[in-house]
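Observations on chain architecture
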Amino acid sequence: MPVLTVNQVETLFDLPFNDLLYRAHVVHRQNFDPNAVQVSTLLSIKTGGCSEDCGYCSQSARYHTGVDNQALLSLAEVTEAARAAKERGATRFCMGAAWRGPKQRDLEPVLDMVRAVRSLGLETCVTLGMLREDQAQQLAQAGLDYYNHNIDTAPEFYAQVVRTHRWQDRIDTLRLVREAGIKVCSGGIVGMGERRSDRAGLIAQLAALDPQPESVPINLLVRIPGTPLGDLPALDPIEFVRTIAVTRLAVARSFIRLSAGRRDMPEALQAMCFFAGANSIFYGDRLLTTPNPGTDQDEALFDKLGLHPLMSDTAEPQDGLHRTGS
Ligand code: SAM
Ligand code: DTB
Ligand code: SF4
């Protein structure tokens, strides 16, 4: 895959909208079934009280966001949530923890969760913050399929949003994950007051990861009252669709997840994102601390658009999302 410069990515952003969408959709079709969408369910396994100062996050201990801290869930609670997610049609179960990074005593119960979720026939993903090499190896040993660790924004903009760790720390963890043989889920957030050149910088950096991430979540900032980014103006929806389309052109073979922020997107906007190359969603009433569209709403949207959930050979939806539209 040829690596794109930031300038080249900006040139894609500058294309007339119809030209950009057409090009992105063609590339999407060359690489994927355009009507299949990968479906993941997210669960916050440890909530709030985080030492980090990420300016967008409801879970930083530094901001008053009204999020109640919740210690690590039990294995039984996680297994039950995973079983319910599978029953509704999810094929991947993503577990998120509000840590800068796990301590060994934190990691051990998470390894058990990975093994338990996997034994249900679901793909597993965890997002636990920064890892050391031995921790990445332990996760790989437990059979973890994906590690989510977003680079979040362009390196030049990162320090305006996060000061307690560096952008390079994120890259270092991604390298350890890759070296351990775990698939990489890494993307970013837009709508944080960054410029278009920063969005281009984020996408160029994702495209330059070698190999490129298997999964690229694009989050639209959920503006959390009490955080430094809580009252920013909303990103222009057309600019958001452009971001998805440019990402599709830059990481042609990666799944692109239409991630946080979907609850604020009208159906027509989501439909445009699926046309532009998004082919993965979080499915379930909650993200980590904020609401997601209801599962019945998503089922109705899939039906309307003739989309079907991507099957993995280990998971069959039993209820909820149906394979064919009506
Ligand atoms: N603590 C770990 C970390 O920082 O990697 C894992 C959890 S953290 C909440 C995972 C990701 O969620 C962040 O990197 C960011 O991309 C996304 N995220 C968090 N809060 C968000 C918000 N308010 N809007 C959009 N995305 C958000
Ligand atoms: C990702 O890219 N987005 C998810 C997941 N990976 C962990 C998190 C979204 C969080 C949205 C705000 C919240 O619910 O707290
Ligand atoms: Fe902590 Fe992750 Fe939130 Fe940053 S994004 S404050 S590291 S939970």
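Thresholds, definitions, all that
Residues numbered from 1 in each chain as written. Chains lettered and ligands numbered in written order. Predicted model: local features only at pLDDT ≥ 70, side-chain atom pairs only at ≥ 80, totals over all residues. Heavy atoms only, no water. Helix = DSSP H or I, 4+ residues; strand = E, 2+ residues; numbered from the N terminus. Rg over C-alpha atoms; globule rule 2.2 N^0.38 Å. Buried < 20%, exposed > 50% of the residue type's maximum accessible area, 1.4 Å probe, protein only. Areas by Shrake-Rupley, 256 points an atom, 1.4 Å probe, with all protein chains shown as cover. Lys, Arg positive; Asp, Glu negative; His and termini not counted. Charge placed at Lys NZ, Arg CZ, Asp CG, Glu CD. Near = heavy atom within 4 Å. Polar contact = N/O pair within 3.5 Å; in protein donor to acceptor, adjacent residues only side chain to side chain. Nonpolar A, V, L, I, M, F, W, Y, C, P; charged D, E, K, R; others polar. Core = buried A, V, L, I, M, F, W, Y, C linked by side-chain atoms within 4.5 Å. Contact = heavy atoms within 4.5 Å. Phe/Tyr/Trp six-rings, centres within 6.5 Å; stacked < 30°, edge-to-face > 60°. Lys NZ or Arg CZ within 6 Å of the ring centre and 35° of its normal. Expected span 1.5 Å × (residues − 1). Axes fitted to C-alpha atoms, helices over the stretch in contact; angles between N-to-C directions. Parallel < 35°, antiparallel > 145°, perpendicular 65-115°, else oblique. Left-handed = near helix turned anticlockwise from the far one by under 90°.

Counting secondary structure elements, the protein chain contains eleven helices and ten strands. Relative to the globule expectation of 20 Å for 326 residues, the C-alpha radius of gyration of the protein chain, 18 Å, shows essentially globular dimensions. Across its three principal axes, the protein chain shows a C-alpha extent of roughly 50 × 45 × 40 Å. Here the protein chain, with 326 residues, has 59% of them falling under the buried criterion. By element, 49% of the accessible surface of the protein chain is carried by carbon and sulfur atoms, the whole surface being about 13700 Å². With 33 positive and 39 negative side-chain charges, the protein chain shows a separation of 2 Å between the mean positions of the two kinds.

Surveying the vicinity of ligand 2 reveals 14 residues, the closest of which are Asn 150, Asn 219, Leu 288, Thr 289 and Thr 290. The side chain of Asn 150 places a nitrogen or oxygen atom 2.9 Å from an oxygen atom of ligand 2. Thr 290 has a polar side-chain atom sitting 2.8 Å from an oxygen atom of ligand 2. Contact with the protein chains hides 87% of the accessible area of ligand 2, taken as 400 Å² for the molecule alone. For the shell around ligand 2, a count of residues per class yields six nonpolar, eight polar and no charged.

Okay, the nonpolar core next. Counting residues in each nonpolar core, the largest one holds 91 residues, and the members touching the most others are Leu 139 and Phe 240. Here Phe 240 is in contact with Val 190, Ile 218, Leu 220, Leu 235, Leu 258, Met 265 and Cys 273, once residues within four sequence places are set aside.

Right, let's get into the site of ligand 3. Around ligand 3, a shell composed of Cys 50, Glu 52, Cys 54, Tyr 56, Cys 57, Ser 60, Ala 98 and Trp 99 is seen. When its residues are assigned to classes, the shell around ligand 3 shows six nonpolar, one polar and one charged.

With that settled, the discussion passes to the packing of aromatic side chains. Evaluation of the coordinates by the stated rule reveals one aromatic pair. Measuring from centroid to centroid gives 4.8 Å for Phe 32 and Phe 255, while their planes differ by 65 degrees, and the two rings are edge-to-face. In this pair, Phe 32 sits in the loop between helix 2 (17–31) and strand 1 (36–46) while Phe 255 sits in strand 8 (residues 255–258), placing the two residues 223 residues apart along the sequence. A cation over an aromatic ring shows up here: Arg 257 above the ring of Phe 282, its NZ or CZ 4.6 Å from the ring centre.

Because each turn of an α-helix spans 3.6 residues, side chains separated by three or four positions in sequence point in the same direction. Between its terminal C-alpha atoms helix 7 (residues 167–179) stretches 19 Å, which fits the 18 Å expected from 13 residues at 1.5 Å a residue. Inspection of helix 7 places Trp 167, Asp 169, Arg 170, Ile 171, Thr 173, Leu 174, Leu 176 and Val 177 among the buried residues, and these make up the whole buried set. Buried residues belonging to helix 7 abut helix 5 (133–141), strand 4 (146–148), helix 6 (155–158), strand 5 (183–185) and helix 8 (196–208). Gly 181 occupies a position one or two residues after helix 7 and carries a positive phi of about 90 degrees.

Where helix 8 meets helix 9 (residues 237–250), the axes come as close as 10 Å, and the angle between the chain directions of the two elements is 25 degrees. If you check the angle between helix 8 and helix 9, you find them roughly parallel. Considering the relative orientation of helix 8 and helix 9, their crossing is right-handed. Touching Arg 196, Arg 199, Ile 203 and Ala 207 of helix 8 are Glu 239, Arg 242, Thr 243, Val 246, Thr 247 and Ala 250, all from helix 9. When grouped by side-chain class, the residues that make up the contact of helix 8 with helix 9 number four nonpolar, two polar and four charged.

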